[in-house]
Amino acid sequence: MISLLVNGKRYKLDITPDVPLLWVIREHLKLAGTKYGCGIGMCGCCTIHINGKAKRSCQITVGQAKGKKITTIEGLSASHPLKKAWVEEQVPQCGYCQPGQIMQAAELLAEHRNPSDEKIMKTMEGNLCRCGTYPHIKRAIKLAAQGGKK
Amino acid sequence: MTSRLMTRRKFLKIAGLTIAVLITPSGYKLLSAKEMEKKTSEAFVPNIWLQIMTSDEINIFVNKSEMGQGVYTSLPMIIAEELDADWKQIRLKVAPASDEYKDPVWGSQATGGSTSIRHMTEPLRKAGAAAREMLIKAASEILGVPQSECETHMGEVVHTKSSKRIKYSGLVQKASLLAVPQNPSLKREETFKLIGTSLPRIDIPDKVQGAAVFGMDVFIPDMLYAVMARPYAYGSKITSFDEQAALHIEGVTHVINFNDKIAVCADKPDLAWKGKAVLRVKWSNGTSPNLDNGLLEKQFLKSLDNHGIKAREEGEVSTALSHAWKKIESTYLLPYLSHATMEPMNCTAHVRKDRCEIWVPTQNQTGALQVVKKETGLRPDKIKINTTYLGGGFGRRFETDVVEEAVKISKVVGRPVKLIWTREEDMQNDFYRPANCSRISGGIDKAGNLTAWSHKIVCPSIFARIFPGMVKDGIDPAAVEGLKNMEYEIPNIFVEYVRVDTPVPVGFWRSVGSSHNAFTVESFIDELADLAQRDPLEFRLSLLNKNQRAKKVLEVAAEKAGWSKPLSKGEGRGIAQHLSFDSYVAQVAEVSVNKDKSIKVSRVICAVDCGRIINPAIITAQMESGIIMGLSAALKESVAFSKGGVQTSNFHDYDLMRISEVPDIEVHILKSNEKSGGIGEPGLPPIAPAVANAVFKATGARLRNLPMTL
């Protein structure tokens with residue numbers, strides 16, 4: 001039995017510790033906002049927070065996540081400044097990578113109130129978007145950093 | 001009762017007629033009176049696209065797939081406009097796969113070719129307008145006033161003299177008994193309130209919360225997970241495998257041998273993959289064990305010496321070339337490309353004896369329906385296909401391979417099955433954008449005028465597999481897209497097509513033939529401008545006298561970019577234009593080339609004339625999207641082959657453009673009275689040549705192979 005703390009809720013799972021956390025979150029807990037994109041930590045679709053840090057959930061086993069505070073896109077407040085900015089700037093197209101993008105950006109804003117362009121680029125570089133929503137992502141992060149005011 | 005039924009039958013007939021003028025005779029079927037009877041007890045149904053409910057909600061059925069291009073917003077906008085609805089009343093309904101929802105132009109239910117707005121505007125406007133007229137008539141009867149004194153506004157009919165208002169919901173019961181007008185009058189453009197505005201997209205709030213359901217996110221009670229072991233090499237078959245080893249893993253329920261692949265089913269995906277890992281499959285050699293990049297390149301280039309099939313001939317090209325004052329010949333080579341949708345292929349299927357249900361992110365509902373029909377032998381009315389959100393499409397999800405697999409597996413296990421492809425399977429089992437090469441000769445006269453253009457393209461055929469009936473005289477329409485209809489006015493022009501067949505399957509990839517032909521044409525035009533010692537913009541404009549729309553987008557892009565403004569050393573500015581899917585797009589790219597010879601694109605200015613504008617924000621987003629995908633392909637993407645199969649396997653060896661590499665992009669949308677053109681694809685084709693032309697300006701090096709390397 002592995003006990004997990006996800007979005008403030010405790011889950012007990014009968015599972016071997018070597019399963020990637022991504023699949024546990026998605027297919028066991030059915031929190032499907034966290035996406036599978038590559039399985040090798042190269043696309044960022046599966047980004048979640050572990051103890052407040054943005055991590056690729058495909059690169060962490062459920063055993064390693066035991067006892068840690070896990071937050072997924074569903075656990076990020078519905079009125080989080082980034083979620084609002086993402087709507088305001090109309091960021092998503094297909095939308096598949098967006099939960100990962102938002103979770104990555106959320107860590108950035110938690111640590112840097114007003115990140116520079118360079119900081120935004122460097123932090124967000126690991127998150128792929130095939131639709132090319134990058135210009136909108138950049139604008140949405142800046143909007144959220146400015147407290148939602150243009 | 002009898003009269004009501006008669007009215008409804010008549011109504012159905014009229015509604016069908018209204019729509020039938022827009023579709024091929026074989027492609028349409030009416031809802032039965034019985035089905036209508038059920039539906040109209042609580043809702044007013046002028047036709048199948050629209051339901052105004054007594055609850056004041058308006059259901060709009062969208063027959064196109066949402067893969068990021070915004071159709072779940074732009075298509076309802078068209079109905080809501082004609083209906084004069086309050087946008088807040090609109091509820092989006094995803095149409096199931098069935099005859100009623102076929103694209104009226106195609107006669108099939110599919111999304112592609114940047115056609116959604118082009119094909120659906122007319123029927124949707126008529127549907128909205130018909131309903132509006134019927135609501136006005138109902139109101140005039142209720143209020144006992146002439147129809148001419150009634151107007152519609154934000155979901156209400158208003159009697160202008162008395163200011164009496166009735167909500168649509170209060171009129172639907174009466175209106176549903178009226179005959180549907182066959183030719184409702186459409187709104188005048190200057191009265192549009194929704195069309196032409198940047199309404200926020202309907203799908204975005206759910207996508208931001210992580211609540212939008214993609215194919216991967218489907219959960220069905222009692223569902224199994226399926227994964228697939230596939231061969232590396234093309235044509236390879238199974239010689240042996242260890243079924244028991246997989247079945248010994250707790251949770252693994254089935255191992256199914258399909259001869260050229262093996263499915264493993266389990267309670268959870270991780271267990272299925274564990275089962276797959278211990279199968280120890282031995283595969284036979286493939287059918288082309290020596291296939292690799294070198295061999296393919298040789299085959300393509302060698303095919304340039306073959307005679308092609310004539311796709312276009314005007315004037316006398318060989319004479320013109322021999323009389324040319326100066327002439328040049330260039331060869332271009334472009335690679336196979338992967339779609340790399342962020343959501344890997346997947347499908348959930350539940351096959352039962354008497355029915356079947358499918359959940360799939362698909363661009364091709366009609367194709368999916370046919371596959372299920374073939375695999376199960378069930379009648380179409382026993383098959384339900386649910387289209388989920390698509391985590392990217394780009395043409396890959398027009399294919400139905402994954403549907404066929406999921407259905408086959410569910411048929412064997414007798415339970416719902418979610419089949420998930422890994423990224424590696426997705427990369428290695430794609431229907432790729434075809435590799436291709438072109439040899440182009442061009443000549444100019446003493447005055448620097450372009451007199452001759454001879455173009456031979458070597459390219460595999462996409463249509464031969466997907467729509468063989470559309471291959472006319474041996475010419476694949478995609479291979480010569482943008483060549484056969486090249487816009488430049490050249491007195492002597494010759495285009496020929498050499499089909500080359502390789503083991504690599506090819507398919508539709510965003511902008512299809514234009515994705516490669518815009519590059520060769522717009523690069524070679526630049527080479528000719530240089531030969532004539534003329535400015536590339538001026539040279540193009542001089543060849544577009546009859547083509548004002550192409551000319552205009554070039555002029556706007558150049559003006560907004562500051563075409564003649566000087567740049568620093570090591571920087572360059574390039575321009576390109578291309579017509580595709582009824583939309584004209586020109587782009588100017590500014591690049592700098594660093595000491596390490598890396599190319600940085602710093603700024604892109606895009607001008608688009610896509611006819612009537614439905615939602616400008618969506619158009620801008622699609623232009624940006626096409627530019628970024630086009631840049632990604634031009635600078636980074638190429639599928640590698642080795643030892644008879646696809647070597648490329650994931651984003652570490654097939655990287656896509658990342659946020660740090662994206663230039664500043666400006667999009668200028670031209671006002672136009674023409675019919676709406678497509679927007680999903682036309683942003684992509686001009687960017688690669690604009691960048692190559694800019695690199696030439698910056699360095700003097702002409703890049704004729706993609707992806708670009710200096």
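Cut-offs and rules
Counting starts from 1 at the beginning of each chain's written sequence and moves along it residue by residue. The lettering of chains begins at A and the numbering of ligands begins at 1, in the order of writing. The predicted origin of the model limits local features to residues at a pLDDT of at least 70 and limits the giving and counting of side-chain atom pairs to 80 or more, whereas totals for whole chains, interfaces and linings rest on all residues. Side-chain figures throughout are based on the complete set of non-hydrogen atoms in the structure, without hydrogens or water. The helix count covers DSSP runs of H or I at least four residues long, the strand count covers runs of E at least two residues long, and both are numbered beginning at the N terminus. Only the C-alpha atoms count toward the radius of gyration. The rule for a globule is 2.2 Å times the residue count to the power 0.38. A 1.4 Å probe rolled over the protein chains alone gives each residue an accessible area, and that area as a share of the maximum for its type sets the label: buried under 20%, exposed over 50%, partly exposed in between. Throughout, a residue-residue contact means that at least one pair of heavy atoms, one from each residue, lies within 4.5 Å. By convention here, the domain bounds are inherited from an automatic or database domain assignment. Here the buried area means the combined drop in accessible surface, using a 1.4 Å probe, for two parts upon being joined, counting both sides. Take a side-chain nitrogen of Lys or Arg and a carboxyl oxygen of Asp or Glu: if they are within 4 Å of each other, that pair is a salt bridge. Side-chain atoms alone can form a polar contact between residues adjacent in sequence; in general such a contact is a pair of N or O atoms within 3.5 Å, and within protein one must be able to donate a hydrogen while the other accepts it. We call Asp, Glu, Lys and Arg charged. Ala, Val, Leu, Ile, Met, Phe, Trp, Tyr, Cys and Pro are nonpolar, and the rest, Gly among them, are polar. When DSSP locates at least two bridges between a pair of strands, those strands are taken to pair. With axes taken as lines fitted to C-alpha atoms, and helix axes fitted only over the stretch in contact, angles between N-to-C directions fall between 0 and 180 degrees. Only rings of Phe, Tyr and Trp enter the pairing, Trp through its six-membered ring, and a pair is recorded when the two centres are within 6.5 Å. The plane angle decides the type: under 30 degrees is stacked, over 60 is edge-to-face, the rest tilted. Only lysine NZ and arginine CZ atoms are considered, and such an atom sits over a ring when it is within 6 Å of the ring centre and within 35 degrees of the ring normal.

(A) Focus on the overall build of chain B. Summing up its helical and strand segments, chain B has 19 helices and 27 strands in all. The C-alpha radius of gyration computed for chain B amounts to 28 Å, which stays within 12% of the reference 27 Å derived for 710 residues, consistent with globular compactness. Projected onto its principal axes, the C-alpha positions of chain B cover 80 × 75 × 45 Å. When each of the 710 residues of chain B is scored for burial, the buried share is 64%. Counted over contacts in chain B with a minimum sequence separation of 6, partners at least 24 positions apart contribute 75%.

(B) Focus on the overall build of chain A. Check the secondary structure of chain A and you find 6 helices and 5 strands. Going from N to C terminus, chain A has its helices and strands arranged as β-β-α-β-β-α-β-α-α-α-α. Over its C-alpha atoms chain A spans a radius of gyration of 15 Å, differing by no more than 12% from the 15 Å that the globule rule assigns to 150 residues. In terms of principal-axis extent, the alpha carbons of chain A reach across some 50 × 25 × 25 Å.

(C) Representation of the domain arrangement of chain A. Residues and elements named next belong to chain A. For chain A, the assigned domains read domain 1 (2–71) and domain 2 (81–145). The C-alpha centroid of domain 2 is placed 21 Å from the C-alpha centroid of domain 1. Taken residue by residue, the interface counts 15 residues in domain 1 and 12 residues in domain 2. With both chains or domains summed, domain 1 and domain 2 bury close to 1100 Å², and 52% of this area falls on carbon and sulfur atoms. Applying the counting rule to domain 1 against domain 2 returns 1 salt bridge. Between lysine 53 and glutamate 111 there is a salt bridge, with the nearest N and O atoms lying 2.5 Å from each other. At the surface where domain 1 touches domain 2, the tally comes to 7 residue pairs in polar contact (both at pLDDT 80 or more). Contributing elements (two or more residues each) for the side of domain 1 that touches domain 2: β3 (47–50) and β4 (53–56). Its residues placed into classes, the side of domain 1 that touches domain 2 shows 6 nonpolar, 6 polar and 3 charged.

(D) Expanded view of the domain arrangement of chain B. Residues and elements named next belong to chain B. Each domain of chain B was delimited in the assignment, giving domain 1 (2–191), domain 2 (215–285 + 345–420) and domain 3 (293–337 + 431–699). Here domain 1 and domain 3 have C-alpha centroids that lie 41 Å from each other. With 15 residues of domain 1 at the contact, the number on the domain 3 side is 14 residues. The junction of domain 1 with domain 3 conceals about 1100 Å² of combined surface from both sides, 55% of it contributed by carbon and sulfur atoms. Broken down residue by residue, the surface that domain 1 buries against domain 3 is led by Ser114, Arg118 and Glu189, which jointly contribute 43%. Remark: the boundary between domain 1 and domain 3 carries 2 salt bridges. Seen at the junction of domain 1 and domain 3, the total is 5 residue pairs in polar contact (both at pLDDT 80 or more). Counted by class, the side of domain 1 that touches domain 3 contains 3 nonpolar, 9 polar and 3 charged residues.

(E) Highlighting unusual backbone geometry. Residues and elements named next belong to chain B. The linkage connecting leucine 706 with the following residue, proline 707, adopts the cis geometry, with an omega of -5°. Here the phi dihedral of alanine 340 falls at roughly 50°; this positive angle occurs in a residue that is not glycine. As for its position among the elements, alanine 340 is in the loop between β14 (326–334) and β15 (346–351). What makes alanine 340 buried here is its relative accessible area of 0%. Positive phi values are uncommon outside glycine, yet aspartate 582 reaches one of about 70°.

(F) Seen up close, the pairing of strand β2 (residues 50–53) of chain B. Residues and elements named next belong to chain B. Across the two faces of β2 the burial is the same, with Leu50 and Ile52 and Gln51 and Met53 all buried. Sheet topology note: the β2/strand β3 (residues 58–62) ladder contains 3 bridges and is antiparallel. Residue glutamine 51 lies in a different strand from β3, and its bridge partner there is asparagine 59. The hairpin formed by β2 and β3 contains 4 residues between the paired strands, and aspartate 56 there has a positive phi angle of roughly 85°.

(G) Molecular detail of the sheet that holds strand β18 (residues 417–420) of chain B. Residue and element names in this part refer to chain B. Strand order in the open sheet formed by 7 strands is β10-β11-β8-β18-β15-β16-β17, with mixed pairing between adjacent strands. Edge strands, defined here as strands with exactly one partner in the open sheet, are β10 (252–257) and β17 (383–387). Going from strand to strand, the sheet's axes swing by 20° on average, the running direction of each strand aside. As judged from the 5 bridges shared by β10 and strand β11 (residues 262–266), these two strands associate in the antiparallel manner. Its bridge partner lying in β11, valine 255 is registered against valine 264. Contacts from helix α11 (residues 365–376) reach β15, β16 (356–360) and β17 within the one sheet, and its direction differs from that of β17 by about 145°.

(H) The sheet that holds β4(A), seen in detail. All names here are of chain A. The 5 strands lie next to each other as β2-β1-β5-β3-β4, forming an open sheet whose pairing is mixed. Each having just a single partner strand, β2 (9–13) and β4 make up the two edges of the open sheet. The sheet shows a mean angle of 40° between the axes of neighbouring strands, direction not considered. Sheet analysis places β3 next to strand β5 (residues 69–71), joined by 2 bridges and oriented antiparallel. Pairing of histidine 49 across the sheet is with threonine 71, part of β5. In this fold helix α4 (residues 98–111) packs onto β3, β4 and β5, with an angle of close to 40° to the strand it touches most, β3.

(I) Representation of the pattern of salt bridges in the model. Counted according to the given criterion, the structure contains 61 salt bridges over all chains. Residue Lys35(A) is joined to Asp217(B) by a salt bridge in which the shortest nitrogen-to-oxygen separation is 2.4 Å. In this pair, Lys35(A) sits in the loop between α1 (21–28) and β3 while Asp217(B) sits in the loop between α6 (204–209) and β8 (224–229), so the two residues belong to two different chains. What makes Lys35(A) buried here is its relative accessible area of 1%. Residue Asp217(B) is classed as buried on the basis of its relative accessible area of 6%. The partner of Glu590(B) in a salt bridge is Arg603(B), with the nearest N and O atoms 3.0 Å apart. Of the two residues, Glu590(B) is situated in strand β23 (residues 583–593) and Arg603(B) in strand β24 (residues 599–609); the sequence distance between them amounts to 13 residues.

(J) Structural context of the packing of aromatic side chains. Summed over the entire model, instances satisfying the criterion amount to 16 aromatic pairs over all chains. Considering the side-chain rings of Phe398(B) and Phe508(B), the 5.8 Å spacing of their centres and the 75° angle between planes classify their relative orientation as edge-to-face. In this pair, Phe398(B) is assigned in the loop between β17 and α12 (401–413) and Phe508(B) in the loop between β21 (492–499) and α15 (514–531), connecting sequence segments 110 residues apart. Residue class for Phe398(B) comes out buried when judged on its relative accessible area of 14%. Here the aromatic cluster, defined as three or more aromatic residues joined through ring pairs, consists of Tyr96(A), Tyr72(B), Phe214(B) and Tyr389(B). The ring of Phe696(B) carries Arg702(B) above its face, with NZ or CZ at 4.4 Å from the centroid.

(K) Up close: the interface of chain A and chain B. Across the boundary between the two partners, chain A contributes 49 residues, which contact 59 residues of chain B. Together chain A and chain B conceal approximately 4300 Å² of surface at their shared face, both sides included; 62% is due to carbon and sulfur atoms. Of all residues in chain A, the largest losses of buried area upon contact with chain B belong to Gln93(A), Tyr96(A) and Arg130(A), amounting jointly to 20% of the total for that side. Linking chain A with chain B are 5 salt bridges. Arg26(A) is the partner of Asp217(B) in a salt bridge, and the nearest nitrogen-oxygen pair spans 3.0 Å. Breaking the side of chain A that touches chain B down by element, the ones donating at least two residues are α1, α3 (81–88), α4, α5 (117–124) and α6 (134–145) of chain A. Take the side of chain A that touches chain B: its biggest share by element is 5 residues, from α6(A). Looking at side-chain class alone, the side of chain A that touches chain B contains 27 nonpolar, 12 polar and 10 charged residues.

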